[in-house]
Amino acid sequence: MKIQITQKPFHVSANARVVYRIIQLLLILHFSRGKSAFLSKIHLLIWVLEKKERIDLLLRSKELDYNKSIGLWSISDYTNQALLYMYEDGFCKISVKTYSLTDKGKEFIKKVIDDKEVFLDEKAFFKQLGSIREKDIEKLEKLWIH
Amino acid sequence: MLKIRKLKIDIKTVQNKRFGAFYKFEPNKLNLIKGNNHSGKTTIVSSLFYALGMEELIGGQNTKALDSILTSVVKDDGKEYTINESVIYLEVENINKKIITIKRYVKHVDILPKIAYIYESTLNELIDEDYSEITYLHDGGSAQNSLGFYKYLEKYIGYSLPKVPSYNGGEVKLYLQIIFNAYFVEQLKGWTDFFASIPSFGVKDPKQRIVEFLLNLDASEFEKDKFRYEEEKERINKKWLEYISKIKIKVEHISAQINIEYLTPISIEKFRDSKFDIYFTNENNQKIVLDDALNNIKKRIKELYIQLQKPSDKDSSKRLFQIRKNIQTIARKISKLNQIIDIKNYEMKKLKNDFSNMEEEIRKLTDLKKIEKYTNSSDRISKTLNGICPTCEQPIDSSFYSSKIDNIMSVDENKKYLEGQKKVLKVYIDASREEIEKQKEIVEFLKQEYEERQSIVTYLEKDIALDTNMAVYKEVVDLESKEKFYKKTIKDILIQKEELVSLSKDWKKNEMNKTTFEMSFLDNKKITSLETYFTRYLYDFGYGSKDFDQIKVSKQKFERYFPIVKIEGRNEKIRINSSASDFVRSLWAYYIALFEVSQKNRGNHIGLFIFDEPAQHAMNESSQKAFLERLSQLNSCQSIVFSSFEDKEDNALGKEKFQNMIKDINEDNIHTMEIDGYSIKKIV
């Protein structure tokens, strides 16, 4: 008997793909007030976007003025890496701990926003969420201990 | 058939200087282009590929894979000139001697690289405004639409490309770019494997499809027959399981058991006349065969009738006790089954969750695929999105963890993979659902039994109080209906058994259609001939890694149609059993052998080769000489070979070597050109 072993390529989730993460980040910034967001918000939203249940959880918490816990969220190193790429590409600029879209970034993400076929769930989520303030995130953080 | 006649490159710069190149090729000859390293040889090769829409063979759609000298900057005399327009013209000829010129811009203010103009005239007589067709490339449907470039080229070459199986079980058209792997070999990746630059278009086993198409093999018909056999086999298996499960449900309805899982369409023959072994298990875990159970019922009915003739039943209280015990057993069974159903339901919920996660992931990957048109735009708005690090300009991986894993799926592959997984999961979910339904049916039946017993209990209690025989009447009625039900079940099962027998006949019939051969007689002959040519050329080119009688062209599933080496009874790829230079020799031999066999058998080879730097890995001179001689002798085949023929230490020695290499080639069969200085020159 002969056994042959060939290595097959690995499955990589969209969430771990560089291009996907960059688009997510551009969307977050685009839907933020003043087209800019602070780092803790970016990390929270990236975590939320990973799973549908988390999106529902956050929206439900919003209805209760963020008095309902959404559980612990994590900070992804990949996000920082992607932000760095975006900065080098001239898509965003950094001041203190706030990231904001440059004109180049705005111009690029507009194409994705105007396309009525892609990222529909994400767009709908951001529209429903509106703006989430630093205060709200602190509220959610405090709920961790309960 | 396709022959390349002329190539013209025209570059306009912002500084108002013009640059360009012009090459004339001889059809049906060996065209040998000699140029030193850094002479811009590759620019000429990529221009040829690009003009025919084959740039994916050098690494990407449109201008992605082209040199900066065609897309952005030309250097001349130490000065840099910025390009504002560059265009490539290619004059070609087909089997009917119809000459057309293809014009495709690399850079233009308005005209995108995905547009190609077709002129029905020679390059010299071409009037720019007078094109006869505008065609599109890489634009969903360019291979199928009448306006598509590939569709035009296909017709022009005289091809009618077949539909072939795709990855996801459907059919796709065999793409021209896939077939051109047998004609064009570029130097970076091309010499690393057979058809190394194959682009992924969702075609299943594209390499095998190339050979089948070039040699006009009837493998696809043969495959279809095989496919039909497999399909019928699958149908029978599916039906088989369906009938078996129907029988099992019937048996479960009367709370009996049956062992028929081991039955297969082959083994049923033996059971043709025998009855299935249907049995009950009583409280003491004893088996009671259905026939015996029926007899017991009959006997009991008789007993009850006798009892009815007596004034009253003295055993009522004893029976009451027994039936109550019975009711308890049933209740226990019901609660056990309900537990199982709960567990299954929980599993089901998890599966459904996995399923929706998978759908979500597929949606994300689809989005990612869709936005490729923005991220991969030729203006390169972002380096990262095009896979280049914006800081160090080195290629970066497409996933965050590919530094740990070196082989990851592309977005397309990943999507296909997940869709496959989703299908499997769907089947599993459906099966689980069915299983749960079945269990619920049994619970329903048991509940009925429970109620029946319960009602007898009520009658018995009344009998004890009123000294009557109502419980006996009730039992007679129940037993008689049970007897009827058993008989009906047996009848139903016999019908199902007939279905099984007829299925087993279908099975036998299908097995007779099964072919034991790997390929048809004619295909077998062609592949044998391919093997003969291949080994002969290996010998000519000085292959030495293995004995020639060890080398075969595979007719089996493993590496089908490709060379293999037999080692101690095992078949192995020729690549891992040859030295680097010997593997390149085997590529030469294989590509030429394909042409020869195709020509001898009226196959589909277009009779054109473009080989870029075929002398890889310090190939020795005599091998190169034999290779070039062989190419020059091919009947009605045009080959265009780019090579440096350099001698690093001594330029004069290099020239001498070159002369020596072509000295035995008949002058009528060769056309040599030398790139003098740089291929792209200033036009004054």
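Chains are numbered independently. Their residues run from 1 in the order of the written sequence. Chains and ligands are labelled sequentially in the order written, the chains with letters from A and the ligands with numbers from 1. Only residues with pLDDT of at least 70 are given local features in this predicted model, and only at 80 or more are side-chain atom pairs given and counted; all residues enter the totals for whole chains, interfaces and linings.

## Examining the overall build of chain A
Okay, so step 1: Helix and strand assignments follow DSSP, with helices taken as H or I runs no shorter than four residues and strands as E runs no shorter than two, numbered in order from the N terminus. When helices and strands are counted, chain A shows seven helices and three strands.
Okay, so step 2: Listed N to C, the secondary structure of chain A is α-β-α-α-α-β-β-α-α-α in terms of helices and strands.
Okay, so step 3: Put plainly, a residue is buried at 20 or more neighbouring C-beta atoms within 10 Å of its own, exposed at 12 or fewer, and partly exposed in between, counting only other residues' C-beta atoms, which are placed from the backbone. Within chain A, the fraction of its 146 residues that count as buried is 34%.
Okay, so step 4: The contact criterion used is a C-beta to C-beta distance within 7 Å, with each C-beta placed from the backbone. Within chain A, counting contacts between residues at least 6 apart in sequence, those at least 24 apart form 66% of the total.

## Describing the overall build of chain B
Okay, so step 1: Scanning chain B from N- to C-terminus turns up 15 helices and 21 strands.
Okay, so step 2: Expressed as a percentage of its 684 residues, the buried residues of chain B come to 31%.
Okay, so step 3: Long-range pairs, those at least 24 residues apart, make up 65% of the contacts in chain B with a sequence separation of at least 6.

## Points about the sheet that holds strand E3 (residues 98-101) of chain A
Residues and elements named next belong to chain A.
Okay, so step 1: A pair of strands is treated as paired once DSSP finds two or more bridges between them. Taking strand neighbours across the sheet as the criterion, the three strands line up as E1-E3-E2 in an open arrangement whose pairing is antiparallel. A strand with exactly one partner marks an edge of an open sheet, and here the two such strands are strand E1 (36-38) and strand E2 (92-95). For this sheet, the mean inter-axis angle between neighbouring strands, taken without regard to orientation, is 25°.
Okay, so step 2: When E1 meets E3, the two strands line up antiparallel, connected through three bridges. For helices, the fitted axis covers only the stretch in contact; all axes are lines through C-alpha atoms, and the angles between them, taken along N-to-C directions, range from 0 to 180 degrees.

## Points about the interface of chain A and chain B
A common measure of how large an interface is: the accessible area buried when the components associate.
Okay, so step 1: Contacts between the two partners involve 28 residues from chain A, matched on the other side by 29 residues from chain B.
Okay, so step 2: Secondary structure elements with two or more residues in the side of chain A that touches chain B: helix H1 (18-30), helix H4 (77-88) and helix H5 (103-114) of chain A.
Okay, so step 3: For this classification, the nonpolar set comprises Ala, Val, Leu, Ile, Met, Phe, Trp, Tyr, Cys and Pro, the charged set comprises Asp, Glu, Lys and Arg, and every other residue, Gly included, is treated as polar. In terms of residue class, the side of chain A that touches chain B is made up of 17 nonpolar, four polar and seven charged.

## Description of the sheet that holds strand E11 (residues 184-185) of chain B
Okay, so step 1: The sheet built from five strands is open, its strands ordered E11-E18-E19-E3-E20 (chain B) with parallel pairing. On the outer flanks of this sheet lie E11 and strand E20 (670-674) of chain B, each paired with one strand and no other.

## Some words on the pairing of strand E7 (residues 115-119) of chain B
Okay, so step 1: In terms of strand pairing, strand E6 (residues 99-107) of chain B meets E7(B) through four bridges, oriented antiparallel. Residue pairing for E7(B): B:Ile102 is matched across the bridge by B:Ile118.

## Focus: H1(A)
All names here are of chain A.
Okay, so step 1: A helix's residues, less one, multiplied by 1.5 Å, set its expected span. Between its first and last C-alpha, H1 extends 18 Å over 13 residues, near the 18 Å set by a 1.5 Å rise per residue.
Okay, so step 2: With respect to burial, H1 is a largely interior element, 12 of its 13 residues being buried.
Okay, so step 3: Regarding H1, the residues found buried are Val18, Val19, Tyr20, Arg21, Ile22, Ile23, Gln24, Leu25, Leu26, Leu27, Ile28 and Leu29.

## Observations concerning the environment of A:Leu84
Okay, so step 1: Here A:Leu84 is to be found in helix H4.
Okay, so step 2: Sequence-wise, A:Leu84 and A:Ile94 are 10 residues apart; in three dimensions their C-alpha atoms are separated by 9.9 Å.

## As for the packing of helix H12 (residues 521-540) of chain B against helix H13 (residues 580-600) of chain B
Residues and elements named next belong to chain B.
Okay, so step 1: Axis separation between H12 and H13 bottoms out at 8 Å; the angle between their running directions is 140°. In terms of orientation, H12 lies oblique with respect to H13. At the point where H12 passes H13, the crossing takes the right-handed sense. From H12, Lys526, Ser529, Leu530, Tyr533, Phe534, Tyr537 and Leu538 reach across to H13, where they touch Arg585, Ser586, Trp588, Ala589, Tyr590, Ile592, Ala593, Leu594, Glu596, Val597 and Lys600.
Okay, so step 2: Split by residue class, the contact of H12 with H13 holds 12 nonpolar, two polar and four charged. The cut-offs work like this: below 35 degrees is roughly parallel, past 145 is roughly antiparallel, 65 to 115 is roughly perpendicular, and the gaps in between are oblique. Each crossing gets its handedness from the near helix: less than a right angle anticlockwise from the far helix is left-handed, clockwise is right-handed.

## Considering the confidence of the model for chain B
Okay, so step 1: Here chain B shows a mean pLDDT of 84. Residues at 70 or above account for 93%.
Okay, so step 2: For this predicted complex, the interface score ipTM comes out at 0.89, while the overall pTM is 0.55. Per residue, pLDDT measures the predictor's confidence, with a range of 0 to 100.

## Describing the packing of H1(A) against H5(A)
Residue and element names in this part refer to chain A.
Okay, so step 1: Packing of H1 against H5 leaves a shortest axis separation of 10 Å and a crossing angle of 100°. When the axis of H1 is compared with that of H5, the two are roughly perpendicular. Only Gly105, Phe108, Ile109, Val112 and Ile113 of H5 make contact with H1, whose side of the interface consists of Ile23, Leu26, Leu27 and His30.
Okay, so step 2: Each residue belonging to the contact of H1 with H5 can be placed in one class, and the counts come to seven nonpolar, two polar and no charged.

## Examining unusual backbone geometry
Okay, so step 1: The residue A:Tyr66 is not glycine, and still its phi comes out positive at about 60°.
Okay, so step 2: Mapped onto the fold, A:Tyr66 is located in the loop between helix H3 (52-63) and H4.
Okay, so step 3: By the C-beta count within 10 Å, which is 20 here, A:Tyr66 ends up buried.
Okay, so step 4: With a phi angle near 50°, B:Glu559 is a residue other than glycine that sits in the positive phi range.

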